[in-house]
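# Coordinates in review
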Amino acid sequence: MNNNKYHYQCTNCNTQFNESEVTYLCPNCNKSNSPILPPKGVLKTIYNYQKLINEKTSFSKLKQNIFLDLLPINSLESLPNLKIGNTPLYSIDKINNSKLNFNLFLKDDSQNPTYSFKDRASAIVSAYAKEKGFNTIVTASTGNAGSSLAGICAAQNQKAIIIVPESAPIAKLTQILMYGATIIPVKGTYDDAFDLSIKSTEEFGWYNRNTAFNPLTIEGKKTVAFELFEQINFTVPDRIFVPVGDGVIISGVYKGFEDLLKLQIIDHMPIIVAVQAKKSNNLVRNIENSEFEKELSSTIADSISVDIPRNFFMAKQYLEKYNGEHISISDEEIITASQILSTNTGLFAEPAAAAAFAGLLAYKSKNKLSDNSNNIVLLTGSGLKDLKAVNSLLNIPEAIDPTINNLKDLLP
Ligand SMILES: [Zn+2]
């Protein structure tokens, strides 16, 4: 097993598999999975860290090769010819004209080709499919993953089949169709879409991108950690605020830093703060429970609105192992944070990303961020993807006759 570039390890039973042995969930754990509980058997991708250490692999050496040594693909040429990742990190020193006592950085992942963080995962999945000869990729999605896969497949000349619950936001559906993917709306929830996508994988032999089912989505998402490490001058941030729905993005951020830890490039892990919406906090609310209890989610932040977090066990393990923290945010706080973010920074983020920023604001108001500490908020997607969510903030004046006096009346 050690001669291969990587192998898989089951999150729950720790069984190791060669890459050729298994594609999705651990077959042992999957046997006892039930549709009403988070699935067991999500696989973690393990590289040959000792070999890389023996070869004196440094961060700059990894970067020279665009981190190919830590990616589950053979060639960088398999990746789409689009700018994926390498998104900006903005430093903000004031909020509402008051100077911050800590350093605040915003990682703007809306600057990916389809305007969301999900492109990091779609790119790796698409490249892997290309290397393995799959021409059709299917995914279940509430929106962002589907629009991302559709865009990446358009760039790669692959066929994308996107199965969505009929309630998905119109901007995301529009993107999927404009990229030329096949869209399959289903009556029911994301879980119903998920089940149909797996049946279609079995029936037609398509490659499946489902998040926390396909282990490579985590490998794509982890690349943000490498960028953050470099962008704050090759140091480990003190805290990273991450929006959490099914637990895959947060596991990706952890995995990236864990890879660096295992390679002895860093000597400790950042504190990661899992931010969930109060009306969809099935992941953080269950961390300490012995039995998983589901509450129906109803937050305005559609991309983190999840009843059964698909990557519950891995996210829980990471949060416990590396002293992660968590916080739940009300929808009102999300909307307020969205406005504070936009008006102070010029970054209009989707509600899920605004939730992460709201998490930071909550920590700030409780003075939980120490002087000069480095804090990052992960902005996972563009606000243009879900305009309905901020409707309550909008007050567009009625049209005026175009005179200066009328204009004066409208000035604040
Ligand atoms: Zn297992």
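Residues numbered from 1 in each chain as written. Predicted model: local features only at pLDDT ≥ 70, side-chain atom pairs only at ≥ 80, totals over all residues. Heavy atoms only, no water.

### Thoughts on the coordination of the zinc ion
Geometry reference: four tetrahedral donors at a metal, ideal angle 109.5 degrees. Six octahedral donors, ideal angles 90 or 180 degrees. In this structure, Cys10 (SG), Cys13 (SG), Cys26 (SG) and Cys29 (SG) serve as the protein donors to the zinc ion, at separations of 2.3 to 2.4 Å. Mapping the donors of the zinc ion onto the primary sequence gives the spacing C-x2-C-x12-C-x2-C. Of this pair, Cys13 sits in the loop between strand S1 (6-10) and strand S2 (16-18) while Cys26 sits in the loop between S2 and helix H1 (27-30); the two residues are 13 residues apart in sequence, bridging distant segments of the chain. What makes Cys26 buried here is its relative accessible area of 0%. (Donors = N, O, S within 2.8 Å, 3.2 Å for Na, K, Ca; no water. Helix = DSSP H or I, 4+ residues; strand = E, 2+ residues; numbered from the N terminus. Buried < 20%, exposed > 50% of the residue type's maximum accessible area, 1.4 Å probe, protein only.)

### Some words on the sheet that holds strand S9 (residues 207-208)
Taken in spatial order, the four strands make up an open sheet running S8-S7-S6-S9, and their pairing is parallel. Of all the strands in the sheet, the pair left with one neighbour each is strand S8 (182-186) and S9. The pairing of strand S7 (residues 159-165) with S8 spans five bridges and is parallel. Each residue of the ladder has a partner; that of Ile162, found in S8, is Ile183. (Pairing = 2+ DSSP bridges.)

### Re the sheet that holds strand S3 (residues 43-47)
Within a sheet, neighbouring strands are paired by backbone hydrogen bonds and run either parallel or antiparallel to one another. With antiparallel pairing, three strands are arranged side by side in an open sheet as S2-S1-S3. Every other strand in the sheet has two partners, leaving S2 and S3 as the edge strands with one partner each. Direction aside, neighbouring strands of the sheet carry axes that sit 35° apart on average. Pairing geometry for S1 and S2, over three bridges, is antiparallel. The partner of His7 across the bridge, within S2, is Asn18. (Axes fitted to C-alpha atoms, helices over the stretch in contact; angles between N-to-C directions.)

### Some details on empty space enclosed by the protein
All told, the structure shown has one cavity of 30 Å³ or more when counted by the stated rule. By volume, the largest cavity amounts to about 30 Å³. Surrounding the largest cavity, Leu43, Lys44, Thr45, Pro215, Ile218, Glu219, Lys255, Met314 and Tyr318 form its lining. Those elements that place two or more of their residues in the lining of the largest cavity are S3, helix H8 (216-221) and helix H11 (312-321). (1 Å grid on protein atoms, 1.4 Å probe; cavity = no way out; pocket = protein on both sides within 12 Å on 5 of 7 lines; lining within 4 Å. Points joined across faces, edges and corners; volume = space filled by probe spheres on them.)

### Thoughts on the packing of helix H12 (residues 331-345) against helix H13 (residues 351-365)
Remark: H12 packs on H13, axes separated minimally by 8 Å, with the N-to-C direction vectors making an angle of 90°. Judged by the inter-axis angle, H12 sits roughly perpendicular to H13. Contacts between H12 and H13 involve Glu333, Ile334, Ala337, Ser338, Ile340 and Leu341 on the former and, on the latter, Pro351, Ala354, Ala355, Phe357, Ala358 and Leu361. Tallied by class, residues from the contact of H12 with H13 come to ten nonpolar, one polar and one charged. (Parallel < 35°, antiparallel > 145°, perpendicular 65-115°, else oblique. Contact = heavy atoms within 4.5 Å. Nonpolar A, V, L, I, M, F, W, Y, C, P; charged D, E, K, R; others polar.)

### Overview of the nonpolar core
By size, the foremost hydrophobic cluster in this structure holds 90 residues, and its most contacted members are Ile250, Val253 and Phe257. The leading source of residues in this core is helix H10 (residues 248-262), at seven residues. Non-local contacts of Val253, meaning those with residues more than four positions away in its chain, are made with Val224, Ala225, Ile240, Val242, Ile272 and Leu378. Counting residues in hydrophobic clusters, the runner-up holds 34 residues, among them Leu104, Leu106, Phe241 and Ala349. (Core = buried A, V, L, I, M, F, W, Y, C linked by side-chain atoms within 4.5 Å.)

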